[in-house]
Amino acid sequence: MGLHPLEFSECYLDSPGFREKIKAQEAELDKTNRFIKELYKDGKNLINATKQLGMAQRKFAQCLGEFQFEYIGDAKTDDEKCIDESLQEFSSFLKNLEDQRELMMRNITETLMKPLEKFRKEQLGTVRAERKKYEKETEKYYSSLEKLLNLSAKKKEPQLQEADSQVEIMRQHFQEESLEYVCKLQEIQERKKFECVEPMLAFFQTVFTFYHQGYELAKDFDHYKRELQINIQNTRSRFEGTRSEVYELMKRIKDTPQEYRQTSPISFEGYLYVQEKRPPPFGSSWVKRYCTFVKEQKILHMVTFDHRSGGKIGEMESVTLKSCVRKTTDMLDRRFCLELDITDRPGTVLTVQALSEDDHKLWMHAMGGKEPIGCYLGRTLSKERGIDAQLDDVGLSFVKNSITAIETRGINDQGLYRVGGVSSKVQKLLSLMIDEKSNEVDLSASEDWDVKTITSALKLYLRSLPEPLMTYGLYKEFINPAKGGSPESRIQAVHRLVHKLPERNRQVLGLLMKHLANVAAHSKQNLMTVANLGVVFGPTLMRPQEETVAAIMDLKFQNIVVEILIEHHEKIFTDSPELSPVSPAGPVLSAPTRQSKKMSRQNRPLAVYNPQALDIQNVVGDGSTLTADETSMGSNESVSSQSSSASASELPIEKADHLTLTTSLSSGSNSRSPRASFSASGASGESQTATTAGTDKEKQEQSVTNRKAKAVYPCEAEHETELSFQVGAIFSHVIPSREPGWLEGELEGKRGLIPENYVEML
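The model shown is predicted, which means the values in this text are computed figures rather than measured ones.

## Quick look at the pattern of salt bridges
- The final tally for this structure, using the stated rule, is 38 salt bridges.
- A salt bridge links Asp 84 to Lys 76, with the shortest nitrogen-to-oxygen separation between them at 2.7 Å.
- Residue Asp 84 is classed as buried on the basis of its relative accessible area of 8%.
- Overall, Lys 76 belongs to the buried group, its relative accessible area being 17%.
- For Arg 252, the salt bridge identified is with Glu 248, shortest N-O distance 3.5 Å.

## Some details on the side chain of Asn 505
- For Asn 505, the position within the fold is in helix H11 (residues 503-521).
- Sequence-distant contacts of Asn 505, that is, excluding residues within four places in its chain, are made with Leu 391, Pro 468, Leu 469 and Thr 471.

## Remarks on the state of the cysteines
- This model, assessed by the stated rule, comprises 0 disulfides.
- Cys 183 takes part in no disulfide bond, and the closest cysteine sulfur, belonging to Cys 11, lies 9.6 Å away.
- On the accessibility criterion, Cys 183 (38% relative accessible area) is partly exposed.

## Considering the side chain of Glu 563
- Along the chain, the position of Glu 563 falls in helix H15 (residues 555-567).
- Polar contacts involving the side chain of Glu 563 include one to the side chain of Arg 238, which spans 3.2 Å.

## Remarks on the pairing of strand E13 (residues 750-755)
- Summarising the sheet, strand E12 (residues 742-747) and E13 pair through 6 bridges and their orientation is antiparallel. By the bridge assignment for E13, Trp 742 is matched with Pro 755.
- As consecutive antiparallel partners, E12 and E13 are separated by 2 residues, and within that stretch Glu 748 has a phi angle of approximately 55 degrees, a positive value.

## Details of the sheet that holds strand E3 (residues 299-305)
- One closed barrel accounts for 6 strands, arranged E1-E2-E3-E4-E5-E6; its pairing is antiparallel. Going across the sheet, the axis of each strand differs from the next one's by a mean of 50 degrees, ignoring polarity.
- Note that strand E5 (residues 337-342) and strand E6 (residues 349-353) share 5 bridges and pair antiparallel. Note that in E6 the partner of Asp 341 across the bridge is Val 349.
- Running at roughly 105 degrees to strand E1 (residues 267-277), helix H5 (residues 357-366) makes contact with E1, strand E2 (284-294), E3, strand E4 (313-327) and E5 of the sheet.

## Things to note about the pairing of strand E11 (residues 730-736)
- Pairing between strand E10 (residues 709-711) and E11: 2 bridges, direction antiparallel. Bridging across to E11, Lys 710 finds its partner in Ile 730.
- Here E11 pairs with E12 via 3 bridges, running antiparallel. Residue Pro 736 lies in a different strand from E12, and its bridge partner there is Leu 743.
- Linkage of E11 to E12, two consecutive antiparallel strands, is achieved through a turn of 5 residues, within which Gly 741 is found at a positive phi near 85 degrees.

## Brief notes about the packing of H11 against H15
- Remark: H11 packs on H15, axes separated minimally by 8 Å, with the N-to-C direction vectors making an angle of 80 degrees. For the element pair H11 / H15, the angle class is roughly perpendicular. Seen from H11, the contacting residues are Leu 509, Met 513, Leu 516 and Ala 517; seen from H15, they are Val 562, Leu 565 and Ile 566.
- A class-by-class count of the residues in the contact of H11 with H15 yields 7 nonpolar, no polar and no charged.

Cut-offs used in this document
Residues numbered from 1 in each chain as written. Predicted model: local features only at pLDDT ≥ 70, side-chain atom pairs only at ≥ 80, totals over all residues. Heavy atoms only, no water. Salt bridge = Lys/Arg side-chain N within 4 Å of Asp/Glu carboxyl O. Buried < 20%, exposed > 50% of the residue type's maximum accessible area, 1.4 Å probe, protein only. Helix = DSSP H or I, 4+ residues; strand = E, 2+ residues; numbered from the N terminus. Contact = heavy atoms within 4.5 Å. Disulfide = S-S within 2.5 Å. Polar contact = N/O pair within 3.5 Å; in protein donor to acceptor, adjacent residues only side chain to side chain. Pairing = 2+ DSSP bridges. Axes fitted to C-alpha atoms, helices over the stretch in contact; angles between N-to-C directions. Parallel < 35°, antiparallel > 145°, perpendicular 65-115°, else oblique. Nonpolar A, V, L, I, M, F, W, Y, C, P; charged D, E, K, R; others polar.

Shown next, in the form of structure tokens:
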């Protein structure tokens, strides 16, 4: 049983049982006081620990945000750019999360700590004061009563009456105090139930709001996460291809190092030991210097550098060479020496020593020495495998035969073109097919050759051509557009360059790209996406004339060029290229940062989640409602267009009871991010009929169908689904897009996506 109620009538009796009841209630309030004090202490510790966690998280986020990846080469792919920016994205996400946590801590202080402490001090403290007062009055009354009862009956009547009246006054005062104390005790006992629990409810609401905000941030982050996963996968695939090429080049250099010695018609460089003469009796010393000889000016630049002294670089010294003579061993007891006659030091001869006999010959040849070198340092790649592949009618027939066989027999084979055949069988098939006497085999009907052998033979044929299909001469021109510019400008540049290829090269390339587009169309079965095919065929179709590590680092851009060719093969190989790229007219305005195709996490309001505070009327009257899972659906791009993104078909379909994202079209919207509000909408249930849903949709569409917008900034499309426009362009039939931050509209008969922060509504 709980505490006994304190009856007011018992205040007059003041029985022992009544006193026990009071003691029990006082003990309960003392326990409540200790509980609140302990809870307050633990709450402080919780806040301090959370602050420490927040500080650690912010330090971690700061570390992420300050780091920047360096890259090899002169440009980055779109995937690499996204990966480089990912640490800043992670940092922003963590900071946003910590902002929410900090808000939670402030709310906990205001909604839990302060109310509990206020109740303990003001209410329980008041009871303690009343208790002392009640005990004091009790002592005072019963002492007076004992004195009255101890008075002698022989006292005069007036004295006795006066004593009686004084005790009566004290008794009344004591009973009034008793009534007030009993009332206060029972009031606090009842009040503590909600005064203690209500702050706890607010505390848990604050905690759940924080976790809800984390959930919302995670939902916003999901779109970026999907794109980044594809960026990482594409970069890893390119890395694997680049690594294999680098190891292959390293192996060839190990086998024949002199063939890969870097030579140039402009200069020659390497280490030489230079003799420095000293006055007697010190003799001379030999100092290692890194020398660069500029052939046209005959200038020799020398820099002192010793690997054993920590790699410190000395000052550069330059001399002009007049002549170079081989120093024989009978004149100097050292091998590989040269005697250099210096123009700017008449009568001075500089003696240098090469590192080896071969190095000695190279320096002699570079400096115009009399001893010639009868070797050529290049190498021919066309017949390295003993296959005489040519881009003739026989080769074209083999390409067509192979493509027909692959599309007939193995278009759905997993890892098509990536899984290689047995090397001996591949070379045997290719030798058979490029032999004019025996190339009549129909590969689509022959069971002697499996699909992976045919795909490997086709790749081997393309690699064995005397010149790559996309030629050495156009290699740099093809690579440069992939290193920068918008996707639209890349496509235009590649389109123009393809039509510079020789007719036969363009014909074979067109056949191959049409075939690879068909392969990519079956990627759900064969797992060969456009990006994967780019990795396979990039180094096969184009390569630089000189093999270096720097050239291999450009493999990723070769892949991008091939991706463009596959994705846009119909336009590139069917239509004539435009004579000149489209150039924007009029003055170039400073445009705002374009809204990325994901919800901006940095711009989320730091507010406690409160569904009742939403401006529902403004949203309904000015926009349209999109479910959360629709916001992540959009154009399926590869790295050749922008950064790769998951297609709508790959995204999970969420249940109907998730939150609804309502994006409003506000008049004159030039904000950096779309205005979005979240309303808690539960599942409507099966009872809602299709007719009602259709009617609502029609009304919604009619409200925005005739809306127009005006461009306030110029914009160049970064994908074929977007619109390019200049300042002042008028868009018709403007509606919200499924892409957050984007609209859909018509311009000059073409419909596409428009950045919401680039236009104002009319």
